[in-house]
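Given next are the chains, with one letter for each unit.
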Amino acid sequence: MLSRIDKILAGNGLGSRNDIKRLLRTEDFRLNGKRITDPGTLIDIEKDSIIRNGEAITLRTYCYLMLNKPAGVVTSTNDPLHDTVMQLLPPPFSAMKLFPIGRLDIDTEGLLIITNDGTLTHRITSPKSACVKSYYLETAVPFNTEALIQAQSLCAKGLELKHGFVCLPAQFERTEPQHIKTEWAFLMHICEGKYHQVKKMLHALGNEVVYLKRVAMGGVSLDPELGSGDCRELTGAEVAQLQRAGGI
């Protein structure tokens, strides 16, 4: 697919389209070895090579990032009171027009997908997709065996919250502690994303969440090698998995 080079370079974080016009005049950009200065030059990013001042540029039509969100930052592109997840992105991603898929609370950690793919974002966040999100959580008090079995049964049927809202069926299971020294670590697998949903579900079960981290979404798991606040691009296989989860 052919696109204007100024549009592609701007979308890859090299500046505004006016900035690109200036860069093409003042720097050495080469398309398949030939110097170019016209911002209207058409390129095919799947086939053409672009060299800037002797160095190859990686061009993307769509960008897909996995961020390990830390607590204390908000899932927003802009916030007047708090640092945002977008401020954690390094160049060139920090200069791209990207946005998060879904949200995590300010005190919730873990997997956040950041992209510029509006179609995928809509599909993944639509309730119709039934995209499964998995959360690791630790609770204030333990569930004994009987209470855990009852909690699992209620979640599987569709747990009722305040004001009569009934959650879609979910899975609740014990897991090995990872964050603090506790015997009360669990995984919650849900296919919707209402405001504070996991916390509200645990409250309805007579307990409270003291630590919450998203560990998977749409079959894509948080990279265990990814430090808190760090990000990396998704692999081709991970992008394909998200697309399948969104029905694309």
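The present account deals with the structure reproduced in this document. Quick caveat: nothing in here was measured; it's all calculated off a predicted structure.

### Brief notes about the pairing of strand 9 (residues 109–115)
Piece 1. With seven of seven residues buried, strand 9 is to be regarded as a mostly interior element.
Piece 2. Where strand 7 (residues 64–69) meets strand 9, six bridges bridge the pair, whose relative direction is antiparallel. Across the sheet, residue M66 finds its bridge partner in strand 9, namely I113.
Piece 3. Two strands pair when backbone bridges link them, and strand 8 (residues 99–100) and strand 9 are joined in this way by two bridges, in the antiparallel orientation. Bridge pairing in strand 9 links P100 to I114.
Piece 4. Judged from the two bridges that link them, strand 9 and strand 13 (residues 209–217) form a sheet pairing that is parallel. Pairing of E109 across the sheet is with K213, part of strand 13.

### Structural notes on the sheet that holds strand 5 (residues 50–52)
Piece 1. With antiparallel pairing, the four strands of this open sheet are ordered in space as 3-2-5-6. One side of each edge strand has no neighbouring strand; the edge strands of this open sheet are strand 3 (34–35) and strand 6 (55–56).
Piece 2. Both strand 5 and strand 6 contribute to a ladder of two bridges, which runs antiparallel. Bridging from a neighbouring strand, I51 pairs with A56 of strand 6.

### A look at the packing of aromatic side chains
Piece 1. All told, the structure shown has five aromatic pairs when counted by the stated rule.
Piece 2. Taken together, a centroid distance of 5.6 Å and an interplanar angle of 70° make the contact between F143 and F172 edge-to-face. You can see F143 sitting in the loop between strand 10 (133–139) and helix 4 (145–157) and its partner F172 sitting in strand 11 (residues 171–174), a full 29 residues away along the chain. The pair F143 / F172 is uniform in exposure class, with both members buried.
Piece 3. Through successive ring pairs, a cluster of aromatic residues spans F143, F172 and F186.

### Focus on unusual backbone geometry
Apart from glycine, the bulk of residues carry a negative phi angle, and the bulk of peptide bonds sit in the trans form.
Piece 1. For the bond running from P91 to P92, omega is 0°, close enough to zero to count as cis.
Piece 2. One non-glycine residue with positive phi stands out, namely N32, at about 50°.
Piece 3. Take N32: it is sitting in the loop between strand 2 (29–31) and strand 3.
Piece 4. One non-glycine residue, N53, adopts positive backbone phi at about 50°.
Piece 5. Position of N53 relative to the elements: it lies in the loop between strand 5 and strand 6.
Piece 6. Accessibility expressed as a relative area gives 44% for N53, which makes it partly exposed.

What counts and what doesn't
- Residues numbered from 1 in each chain as written.
- Predicted model: local features only at pLDDT ≥ 70, side-chain atom pairs only at ≥ 80, totals over all residues.
- Heavy atoms only, no water.
- Buried < 20%, exposed > 50% of the residue type's maximum accessible area, 1.4 Å probe, protein only.
- Helix = DSSP H or I, 4+ residues; strand = E, 2+ residues; numbered from the N terminus.
- Pairing = 2+ DSSP bridges.
- Phe/Tyr/Trp six-rings, centres within 6.5 Å; stacked < 30°, edge-to-face > 60°.

By themselves, these figures tell us nothing about what the structure is for.
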